[in-house]
Amino acid sequence: MNIQNAQLEVDNWIKNHGVRYFNELTNMAQLTEEVGEVARIIARRYGEQSEKESDKNKDLGEELADVVFVVLCLANQTGVDLQAAFDKKLDLKTKRDHDRHHNNEKLK
């Protein structure tokens, strides 16, 4: 599924199950909360903090999907074509960063 289709899927879900989009500020707060949940898993599972027993069954993929869902909601409600924006950003990064990363001694 491409990003454009994902945006349509989320919009259809909102219309059929969610009643309406939360306002942009509420969705921004939700996005922050979801990113925090991802950070907690990463910090404890892959970082130096110990993982609490209650966190061991947390699904990183599910939490990342929550982040994507809210990002898609924000794109929909603000009129952003996220596929076009992503394609443009990837092209920019490809042109700008190709040599930079290949020449970065820290990445070798």
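Residues numbered from 1 in each chain as written. Predicted model: local features only at pLDDT ≥ 70, side-chain atom pairs only at ≥ 80, totals over all residues. Heavy atoms only, no water.

As recorded in an unreviewed UniProt entry, the chain goes by NTP pyrophosphatase (Non-canonical NTP hydrolase) and comes from Flavobacterium cauense R2A-7.

**Q** For this particular structure, what's the right way to read the overall build of the chain?
**A** A count of helical and extended segments in the chain gives four helices and zero strands. Across the chain, helices and strands are ordered from the amino to the carboxyl terminus as α-α-α-α. Its C-alpha radius of gyration of 17 Å places the chain more than 25% over the 13 Å reference for a compact globule of 108 residues. Taking the principal axes of its C-alpha atoms as reference, the chain extends roughly 50 × 45 × 25 Å. Burial status across the chain gives 22% buried among its 108 residues. The contacts of the chain with a sequence gap of at least 6 include a subset with a gap of at least 24, amounting to 62%. Summed over its atoms, the accessible surface of the chain is roughly 8200 Å², and 55% of this surface lies on carbon and sulfur atoms. (Helix = DSSP H or I, 4+ residues; strand = E, 2+ residues; numbered from the N terminus. Rg over C-alpha atoms; globule rule 2.2 N^0.38 Å. Buried < 20%, exposed > 50% of the residue type's maximum accessible area, 1.4 Å probe, protein only. Contact = heavy atoms within 4.5 Å. Areas by Shrake-Rupley, 256 points an atom, 1.4 Å probe, with all protein chains shown as cover.)

**Q** Can you walk me through the environment of K108 in this structure?
**A** With respect to the secondary-structure elements, K108 resides in the segment after α4 (82-102). The exposure class assigned to K108 is exposed, which follows from its relative accessible area of 67%. Along the chain, K108 and G79 lie 29 residues apart, while their C-alpha atoms are 41 Å from each other.

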